[in-house]
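# Summary of structural features
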Amino acid sequence: MAKKNEITRRQFLNYTLMGTGGFMAAGMLMPMVRFAIDPILKTEAASDMVDIDLRVEDITTEPIMKKFKVNQVDGWHESEVEQAAFVYKNDDGEIVALSPVCKHLGCTVDWGTNPAYPDEFYCPCHAGRYYKDGVQVPGTAPLAPLDVYEMEIRDGKVFLGKTLPHPKA
Amino acid sequence: MKWLSKEIDVFLSAKQYIDTILLTLVPISFHENMKETVSMGEFSSVLTAEIERQLHGRTLVIPPFAYLKSESQDEKLKKLGQWTGELRKNGFRHIFMFTSDSQWKAIEELLDGTLIWIPAIPLEHMDEKFRREILDEQTKQVLQIVTNQWQSGS
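Residues numbered from 1 in each chain as written. Chains lettered and ligands numbered in written order. Predicted model: local features only at pLDDT ≥ 70, side-chain atom pairs only at ≥ 80, totals over all residues. Heavy atoms only, no water.

All names here are of chain A. Across the sheet, which stays open at both edges, the three strands sit in the order S5-S6-S7 with antiparallel pairing between neighbours. The open sheet is flanked by strand S5 (110-111) and strand S7 (128-130), the only strands paired with a single partner. Sheet topology note: the S5/strand S6 (residues 121-123) ladder contains two bridges and is antiparallel. Paired with Trp 111 across the two strands is Phe 121, which belongs to S6. (Pairing = 2+ DSSP bridges. Helix = DSSP H or I, 4+ residues; strand = E, 2+ residues; numbered from the N terminus.)

And the structure:
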């Protein structure tokens, strides 16, 4: 009979087998788990501002529509999405970049296309109107001002990031 | 809006604002002109998607009306008539049909809706920038047709 603190040959073998088995299982599972949660582990790219190919000196007080491509990552699926912005200088000389997506139901607004309102953004879908600063005209379809883009100027070029709610919203 | 469950949720909650259907007519054929047939469907689908993007809030794109090129005109007309009938019954006031297949052009006046026939441009060989320009130009013109009809009809 074995003494109290001694382990039998059978127990010893059991422990060693369980130990090695455990390591092997962990070795197999770890990479799988890592793969599964991969997008969470990735740190967000340091800079997701996009060069929209527009120089500061080319910006006037007249809003111009500028289209650009953004990499959109949705879990594993990465795709290029086209976005657009209206860029202009306001009365204080500040550069403004507005999103052209109507806050009513998401149509694309255009600048001055309605002959009755040449100095407003106009949405063709439900006749929504916005003043030049992006605030909606009261009484028209939209209930919120146009979104504004996060913006940075690097070496005289305009870089845009995410859209944020309008400061006057 | 697109035919996706997420967007249909918005559609259901804002139904009174969405009165326009965008429908692509896509031919299917496996014969010698197969490639041409494919590019017809491709071009009109790309264009429809672009129009949808611009007019997202008032239009609904439904799955394309696909038909065999070998089908007779009468058969196609009958089937498409069933589609448009169903759409009218559900309160859609404007139906725009996009196609590159010239067969529809010949029977345009028999359709219940506006046929927008645009000859297919082979997009696959174009470089990105040129392709963009061409599509923008086409889109602009089609947008004009759609918004004009809205203005005159509402």
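As a further point, take helix H3 (residues 73-89) of chain B. All names here are of chain B. With 17 residues, H3 ought to run about 24 Å at 1.5 Å a step, and its terminal C-alpha atoms sit 24 Å apart, in line with that. Of all the residues in H3, the buried ones are Lys 76, Leu 77, Leu 80, Thr 84 and Leu 87. Buried residues in H3, looked at end-on, bunch into an arc of 95°, giving them a common side. Exposed side of H3, more than 90 degrees from the buried face: Asp 74, Lys 78, Gln 82 and Lys 89 are the residues found there. Looking at the packing, one finds that the buried side of H3 touches strand S1 (20-28), strand S3 (65-68), strand S4 (94-99) and helix H4 (102-106). (Expected span 1.5 Å × (residues − 1). Buried < 20%, exposed > 50% of the residue type's maximum accessible area, 1.4 Å probe, protein only. Arc of directions from axis to C-beta. Contact = heavy atoms within 4.5 Å.)

A cluster of nonpolar side chains, Met 28, Leu 29, Met 32, Val 33, Ile 37 and Ile 40 of chain A, forms an exposed patch at the surface whose accessible area comes to about 610 Å². Among the elements that take part in the nonpolar patch, helix H1 (residues 9-36) of chain A stands out by supplying four residues, more than any other. (Patch = residues over 30% accessible without salt bridge, like charges linked within 9 Å, V, L, I, M, F, W, Y side chains within 5 Å. Areas by Shrake-Rupley, 256 points an atom, 1.4 Å probe, with all protein chains shown as cover. Salt bridge = Lys/Arg side-chain N within 4 Å of Asp/Glu carboxyl O.)

Residue and element names in this part refer to chain A. The full count for this structure, using the stated rule, is one disulfide over all chains. Between the sulfur atoms of Cys 107 and its disulfide mate Cys 125 the distance is 2.2 Å. The chirality of the disulfide connecting Cys 107 with Cys 125 is left-handed, given an S-S dihedral of about -100°. Highlighted residues: Cys 107 in the loop between strand S4 (95-98) and S5 and Cys 125 in the loop between S6 and S7, separated in sequence by 18 residues. (Disulfide = S-S within 2.5 Å.)

Soluble globular proteins tend to pack their nonpolar side chains together in the buried interior. In terms of nonpolar packing, the biggest core is built from 32 residues, with Leu 98, Val 109 and Phe 121 of chain A together with Ile 51, Leu 55, Phe 98 and Val 142 of chain B touching the most fellow members. Within the residue set of this core, elements represented by two or more residues are strand S3 (77-89), S4 and S6 of chain A together with helix H2 (34-54), S4 and helix H5 (128-153) of chain B. Residue contributions to this core peak at six residues, all from H5 of chain B. Every residue in contact with Val 142 of chain B, bar those within four places of it in the chain, is listed here: Leu 47, Ile 51, Phe 98, Ile 116 and Ile 118 of chain B. Core analysis: the second largest hydrophobic core is formed by 22 residues, Leu 60, Ile 62, Leu 77 and Trp 104 of chain B among them. (Core = buried A, V, L, I, M, F, W, Y, C linked by side-chain atoms within 4.5 Å.)

Interfaces are often sized by the amount of accessible area the parts lose when they come together. Across the contact, 15 residues belong to chain B and eleven residues belong to chain A. Where chain B abuts chain A, roughly 1100 Å² becomes buried across the two surfaces, and 49% of that area is made up of carbon and sulfur atoms. It is Tyr 17, Arg 53 and Gln 54 of chain B that lose the most area in chain B upon contact with chain A, and together they represent 38% of the buried surface on that side. Our count for the chain B to chain A interface comes out at four salt bridges. One salt bridge connects Lys 69 of chain A with Glu 128 of chain B, and the closest N-O pair in it is separated by 3.0 Å. (Buried area = accessible area lost by both parts, 1.4 Å probe.)

Further remarks concern the side chain of Gln 138 of chain B. Tracing the backbone shows Gln 138 of chain B in helix H5. Those residues within four positions of Gln 138 of chain B in sequence are excluded, and the remaining contacts are Phe 43, Leu 47, Ile 118 and Ile 121 of chain B.

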